[in-house]
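# A closer look at the structure
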Amino acid sequence: QVQLVESGGGLVQAGGSLRLSCAASGSRFIINAMGWYRQAPGKQRELVATITNGGRINYADSVKGRFTISRDSAKDTVYLQMNSLKPEDTAVYYCNADLSVRATMTPLRPWGQGTQVTVSS
């Protein structure tokens, strides 16, 4: 009913920057929160950053001061600006949303397919 599509991943050198985007589309919905998670090879998926519809933001300690999450409510899109990238940031980054489908008020928490971020040294 609702799909999330990420974009903006790629290969960068340490110290570089990338900006990830995630757009929600499909059935009409209400977004309560959106966020970014990442999963490195052999590791569990971990929280990177979240932002609620009211603007409350949380970051993982490992990215504080380097990453910035933001949203464009009119476009149902969330962004992740990643600066001062480190090799340990290498992972597949996934977007997720906490939302409700308007027609039925069905709660959903969809995930995007992921976008690869690779940081070389």
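As shown above, the structure is provided for reference.
Below or above, wherever it landed, is the structure these notes cover. Since we're looking at a predicted model, the values are computed, not measured. All chains use their own residue numbering, which begins from 1 and follows the written sequence. In keeping with the predicted nature of the model, local features appear solely for residues at pLDDT of at least 70, side-chain atom pairs appear and are counted solely at 80 or more, and the whole-chain, interface and lining totals rest on all residues. Note: side-chain values were computed over all heavy atoms of the structure, leaving out hydrogens and water.

### As for the packing of aromatic side chains
Each aromatic ring pair is summarised here by two numbers: the centre-to-centre distance and the angle between the ring planes. What counts, and what does not: When the centres of two rings from Phe, Tyr and Trp lie within 6.5 Å, Trp using its six-membered ring, the rings pair. Their planes under 30 degrees apart give stacked, over 60 give edge-to-face, and anything left gives tilted. Comment: the charge-over-ring label is applied if NZ (Lys) or CZ (Arg) is within 6 Å of the ring centre and within 35 degrees of the ring normal.
If you walk through the whole model with that rule in mind, you get one aromatic pair. Taking the ring centre of Tyr 94 as reference, the NZ or CZ of Arg 45 above it sits at 3.7 Å. In this structure, Arg 45 packs its charged tip against the face of Trp 111, placed 4.7 Å from the ring centre.

### Looking at the pattern of salt bridges
Basically, it comes down to this: Here a salt bridge means any side-chain nitrogen of Lys or Arg lying within 4 Å of a carboxyl oxygen belonging to Asp or Glu. We count a stretch as a helix when DSSP gives it H or I for four or more residues in a row; a strand needs E for two or more, and each element gets its number in order from the N terminus. Partly exposed residues are those whose accessible area sits between 20% and 50% of the maximum for their type, while under 20% is buried and over 50% is exposed, using a 1.4 Å probe and protein chains only.
Enumeration over the complete set of coordinates arrives at four salt bridges. A salt bridge links Asp 61 to Lys 64; the nearest nitrogen and oxygen atoms lie 3.1 Å apart. As a salt-bridge pair, Asp 89 and Arg 66 come within 2.7 Å of each other at their nearest N and O atoms. Remark: Arg 66 occurs in the loop between strand S6 (57-59) and strand S7 (67-72) and Asp 89 occurs in the loop between strand S8 (77-82) and strand S9 (91-101); sequence separation between them is 23 residues. Arg 66 shares its class with Asp 89; the two are buried.

### Description of the state of the cysteines
Note the cut-off: Only a pair of cysteine sulfur atoms within 2.5 Å qualifies as a disulfide here.
Under the defined criterion, the tally for this structure stands at one disulfide. Bridging Cys 22 to Cys 95, the disulfide has an S-S length of 2.0 Å. Note on the Cys 22 and Cys 95 pair: the S-S dihedral is about -80°, so by sign convention the disulfide is left-handed. Here the residue Cys 22 occupies a position in strand S3 (residues 18-26), and Cys 95 occupies one in strand S9, the gap between them amounting to 73 residues. Of the two residues examined, Cys 22 and Cys 95, each falls in the buried class.

### Notes on the side chain of Thr 50
Worth spelling out the cut-off: Contacts were defined at the residue level, with two residues in contact if any of their heavy atoms lie within 4.5 Å.
With respect to the helices and strands, Thr 50 occurs in strand S5 (residues 46-52). If we skip the residues at most four places from it in the chain, Thr 50 touches Met 34, Gly 35, Tyr 37, Arg 56, Ile 57, Asn 58 and Ile 69.

### Focus on the environment of Ser 17
With respect to the element layout, Ser 17 can be found in the loop between strand S2 (10-13) and S3. Distance in space between the C-alpha atoms of Ser 17 and Gly 42 is 24 Å, their sequence separation being 25 residues. Filtering out sequence-adjacent residues up to four positions away, Ser 17 remains in contact with Val 12, Gln 81, Met 82, Asn 83, Ser 84 and Leu 85.

### Quick notes on the pairing of S9
Selection rule: For two strands to be treated as a pair, DSSP must find no fewer than two bridges joining them.
The buried count for S9 comes to nine of eleven residues, which makes it a mostly enclosed element. Sheet analysis places strand S4 (residues 29-39) next to S9, joined by ten bridges and oriented antiparallel. Each residue of the ladder has a partner; that of Phe 29, found in S9, is Val 101. Where S9 and strand S10 (residues 106-108) come together, three bridges link them in antiparallel fashion. For Leu 99, the partnering residue across the bridge sits in S10 and is Leu 108. Linking S9 back to S10 in an antiparallel pair, the connection comprises four residues, with Met 105 at a positive phi of about 60°.

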